[in-house]
Amino acid sequence: MADMTGKVVLITGASSGIGLEAAVELAKMGATVAVVARDRKKVDATIAEVKRRSGSEKVDGSTCEFAEQAQLRALPDAFNAKY
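Bear in mind the structure is a predicted one, so any value in this text is a computation, not a measurement. (Residues numbered from 1 in each chain as written. Predicted model: local features only at pLDDT ≥ 70, side-chain atom pairs only at ≥ 80, totals over all residues. Heavy atoms only, no water.)

Chemist: Hey, could you run me through the environment of A78 in this one?
Modeler: Mapped onto the fold, A78 is located in helix 3 (residues 69-82). Here A78 falls in the partly exposed class, since its relative accessible area comes to 48%. For A78 and S62, which are 16 residues apart along the polypeptide, the C-alpha to C-alpha distance reads 9.2 Å. (Helix = DSSP H or I, 4+ residues; strand = E, 2+ residues; numbered from the N terminus. Buried < 20%, exposed > 50% of the residue type's maximum accessible area, 1.4 Å probe, protein only.)

Chemist: What should I look at first to understand the nonpolar core in this one?
Modeler: Note on soluble globular proteins: their nonpolar side chains tend to be buried together. Counting residues in each nonpolar core, the largest one holds 18 residues, and the members touching the most others are I11, L26, V33, V35 and V50. Looking at this core element by element, the count peaks at five residues for helix 1 (residues 17-28). What V33 contacts, discounting residues up to four positions off in sequence, is V9, I11, A23, L26, A27, K58, V59 and D60. (Core = buried A, V, L, I, M, F, W, Y, C linked by side-chain atoms within 4.5 Å. Contact = heavy atoms within 4.5 Å.)

Chemist: For this particular structure, what's the right way to read the environment of A74?
Modeler: In this fold, A74 is placed in helix 3. Sequence separation between A74 and G13 is 61 residues; the distance between their C-alpha atoms is 17 Å.

Chemist: What is the right way to look at the packing of aromatic side chains in this model?
Modeler: Two measures describe an aromatic ring pair: the distance that separates the ring centres and the angle between the ring planes. On inspection of all chains with the given rule, the structure shows one aromatic pair. Arranged with centres 5.0 Å apart and planes meeting at 45°, the rings of F79 and Y83 form a pair that is tilted. We classify Y83 as partly exposed; its relative accessible area is 37%. (Phe/Tyr/Trp six-rings, centres within 6.5 Å; stacked < 30°, edge-to-face > 60°.)

In structure tokens form, the structure reads like this:
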């Protein structure tokens, strides 16, 4: 596995399927993983799952409704401000 220490990865659709598996594997490789889902409960559950399965505490998350243009446009600005 490649060392992703010091890298920050934003994953949309991380609450299930390939997005969730990618988040877990990237966290295992040392990346800081920022997950995005539609509602806060899913984000919080995903963060807990990724932390549990990867052993990493460098997992964070935010919400975004991709059908809402204002939220979609705000996501990269919020991400860049935080990271």
